[in-house]
Amino acid sequence: MDWTSAEAAFADVPPGARLVAGNCCGTPETLLRALGAHAERTGGGQVLYAGLLLGDWPFAPAIRSGALTLRCWHVYGPGRRLWRDGFVEYLPLRLPDVARTVLGEIDVALVRVGPPDADGWCSLGPSASFAADAVAAARLVIAEVADEVPRTHGDARVHVSRIDRFVRAEGPAPAYTPPAHDPVSVEVARRVAGIIPPESTVQLGIGAITEALAPLLAETARAASLRVLGMVSESMIPLVDAVTEAGHGPVQAVELLGGPALMAYADGNPAIEMRSSRVLHDPVWLSRTLRLVSINSAVAVDLSGQVVAETAGGSVLAGVGGSADFFEGAHLSPGGFRVIALRSTTRRGDSTIVAEHGRDDLVSIPHHSVDAVVTEHGVAWLRGRTRRERRAALAEIAAPEHREKLRARAGTGS
């Protein structure tokens, strides 16, 4: 394995080249910094495809200058301001479509890996969604190598023979800091926990409510014979332990989202098995799971049950992610169902149960794909209900100060 500098690794990457970067806690920040400098130095024209990128986005100046184009399917962190300022092209992609739509057009893959083992295998560690597929598809593979990348099981490894250039990682490892769960989020989580039947397989999305839900489920996982799949955060470590000790492991994860504590926990741990989006976001594969309960958050739900999760006030702040795929899998799963969990109001006091969504907001999940909506005020079961019944049920779980207006709108139509 021969080392090269980050600058030299991009020396022959021409204007117009199409690159894809690993995401989440696999964000190759050292390579992205070098890419930004290279784009500005060479006059630009490179196109970067990416998902949820962590870190400080050291390549942002190249995007603002026009030297580097970013096409992104999960707008996060500094990317939100770049999008608002008109410098990010948003790709509304479901995660399995990254491999189908993006990777076939890629020239260069940028990944973050651990050092090779005795057999030449480098771990992709916490990120399995599409990184191995990107390595297989790209003409040129550049890897930043960091000792702290955990050696995980499953679909998260690549052989040195597939990597063309090795760069030493600089700076701290990318880490995900979850939103703090406040008393309202805890109450929503408590209500969600109350509707999960025994012997379910639970999929948890990202957000304060699911962060609050994981410890609650850890307390009952053994007695209720729960299983878990999808994503693992630091708050889920006790839940993974409980599931595994009950004999229902390993937990299958597409991403690990956290910091040093989670990475140390995952290193060599057979309780976690990494799976690519081709597997874990495949609704047909998911449908074979009995009693799959998919729980995801949202920005707002209208009175028909349509869910907005990517935008707020027309501004993109996230992505489609895997929620649509998990929801389809749960719909096809025997005994499975689909839950949207959210606070009844925003931090400013606006209702998240709305009569209708804004003109510029994107519907992430259609009305017919939601079985239950949960707020701190209760559970609205939508499956099998008419439009009128849905509107009435959703109005009842809104914040008290918004209910009268919503009830007036709910009372119209059939």
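Just above sits the structure.
Residues numbered from 1 in each chain as written. Predicted model: local features only at pLDDT ≥ 70, side-chain atom pairs only at ≥ 80, totals over all residues. Heavy atoms only, no water.

Draft legend 1. Here's a closer look at the pattern of salt bridges. Under the defined criterion, the tally for this structure stands at 26 salt bridges. Residues D12 and R165 are paired through a salt bridge, measuring 2.8 Å at the closest nitrogen-oxygen approach. In this pair, D12 is assigned in the loop between α1 (6–9) and β1 (18–21) and R165 in strand β10 (residues 165–168), connecting sequence segments 153 residues apart. Between E148 and R112 there is a salt bridge, and its shortest N-O distance comes to 2.9 Å. Residue E148 is located in the loop between β7 (140–145) and β8 (153–154), and its partner R112 is located in strand β5 (residues 108–113); the two are separated by 36 residues in the primary sequence. Under the relative-accessibility criterion, E148 is labelled partly exposed at 40%. Several salt bridges share partner residues, and in doing so they unite R18, D107 and R139 into one network. (Salt bridge = Lys/Arg side-chain N within 4 Å of Asp/Glu carboxyl O. Helix = DSSP H or I, 4+ residues; strand = E, 2+ residues; numbered from the N terminus. Buried < 20%, exposed > 50% of the residue type's maximum accessible area, 1.4 Å probe, protein only.)

Draft legend 2. Expanded view of the sheet that holds strand β22 (residues 372–375). Read from one edge of the open sheet, nine strands run β8-β14-β13-β12-β11-β15-β20-β22-β23, paired in mixed fashion. Each of the sheet's edge strands pairs with one partner strand only, and the pair in question is β8 and β23 (378–381). In this structure, strand β11 (residues 201–204) lies alongside strand β15 (residues 292–296), joined through four bridges in parallel fashion. Across the sheet, the residue bridging to L204 is I295, located in β15. Contacting β11, β12 (227–233), β13 (251–257) and β14 (272–274), helix α9 (residues 237–245) crosses the sheet at an angle of about 155 degrees to β12. (Pairing = 2+ DSSP bridges. Contact = heavy atoms within 4.5 Å. Axes fitted to C-alpha atoms, helices over the stretch in contact; angles between N-to-C directions.)

Draft legend 3. Region of the structure containing the sheet that holds strand β16 (residues 300–302). The strand order across the open sheet formed by three strands is β17-β16-β21, and the pairing between neighbours is mixed. Of all strands in the sheet, those bounded by a partner on one side alone are β17 (307–308) and β21 (353–354). Here β16 pairs with β17 via two bridges, running antiparallel. Considered in β17, the bridge of A300 is made with V308.

Draft legend 4. Up close: the packing of helix α8 (residues 208–224) against α9. Close contact between α8 and α9 brings their axes to 8 Å; oriented N to C, the two are set at 15 degrees. Taken together, the axes of α8 and α9 lie roughly parallel to each other. Two packed elements cross with a definite hand, and for α8 against α9 that hand is left-handed. Between α8 and α9, the contacting residues are A214, L217, A218, A221 and R222 on the first element and P238, L239, A242, V243 and E245 on the second. Of the residues assigned to the contact of α8 with α9, the class counts are eight nonpolar, no polar and two charged. (Parallel < 35°, antiparallel > 145°, perpendicular 65-115°, else oblique. Left-handed = near helix turned anticlockwise from the far one by under 90°. Nonpolar A, V, L, I, M, F, W, Y, C, P; charged D, E, K, R; others polar.)

Draft legend 5. Examining the state of the cysteines more closely. Under the counting rule described, the total for this entry stands at zero disulfides. As a non-bridged cysteine, C24 has C25 as the owner of its nearest cysteine sulfur, 6.7 Å distant. (Disulfide = S-S within 2.5 Å.)

Draft legend 6. Expanded view of empty space enclosed by the protein. This structure, assessed with the given rule, holds one cavity of 30 Å³ or more. Its boundaries defined by the atoms lining it, the largest cavity holds a volume of some 40 Å³. Taken together, G22, G26, V111, R112, L124, S127 and A131 make up the lining of the largest cavity. Across the lining of the largest cavity, the residue classes tally to three nonpolar, three polar and one charged. (1 Å grid on protein atoms, 1.4 Å probe; cavity = no way out; pocket = protein on both sides within 12 Å on 5 of 7 lines; lining within 4 Å. Points joined across faces, edges and corners; volume = space filled by probe spheres on them.)

Draft legend 7. Local environment of α8. If you check α8, its first and last C-alpha atoms are 23 Å apart, about what 17 residues at 1.5 Å a residue would give, namely 24 Å. The sharpest bend along α8 comes to roughly 40 degrees, located at A218. Those residues of α8 not exposed but buried are A208, I209, T210, E211, A212, L213, A214, L217, A218, A221 and A224. At the exit of α8 stands S225, carrying a positive phi of roughly 55 degrees. (Expected span 1.5 Å × (residues − 1). Bend = angle between axes of the 7 residues up to and from the residue.)

Draft legend 8. Structural view of helix α14 (residues 387–396). Among the residues of α14, R390, R391, A393, L394 and A395 are the ones counted as buried. Looking at the packing, one finds that the buried side of α14 touches β16, β21, β22, β23 and α15 (400–410).

Draft legend 9. Spotlight on the packing of aromatic side chains. Counted under the stated rule, the structure contains four aromatic pairs. Relative to F59, the ring of W57 lies with its centre 5.1 Å away and its plane at 25 degrees, an arrangement referred to as stacked. Of the two residues, W57 and F59, both sit in the buried class. Between R157 and the ring centre of W121, over which it is positioned, the NZ or CZ distance is 3.8 Å. Here R168 stacks its cationic end above the ring of W3, 3.9 Å away from the centre of that ring. (Phe/Tyr/Trp six-rings, centres within 6.5 Å; stacked < 30°, edge-to-face > 60°. Lys NZ or Arg CZ within 6 Å of the ring centre and 35° of its normal.)

Draft legend 10. A look at the pairing of β13. In terms of residue burial, β13 counts as a mostly covered element, since seven of its seven residues are buried. The pairing of β12 with β13 spans five bridges and is parallel. Counterpart to G230 in the pairing with β13 is A253. The parallel pair β12 and β13, bridged by α9, forms a crossover whose chirality is right-handed. (Right-handed = clockwise from strand over helix to strand, strands pointing away.)

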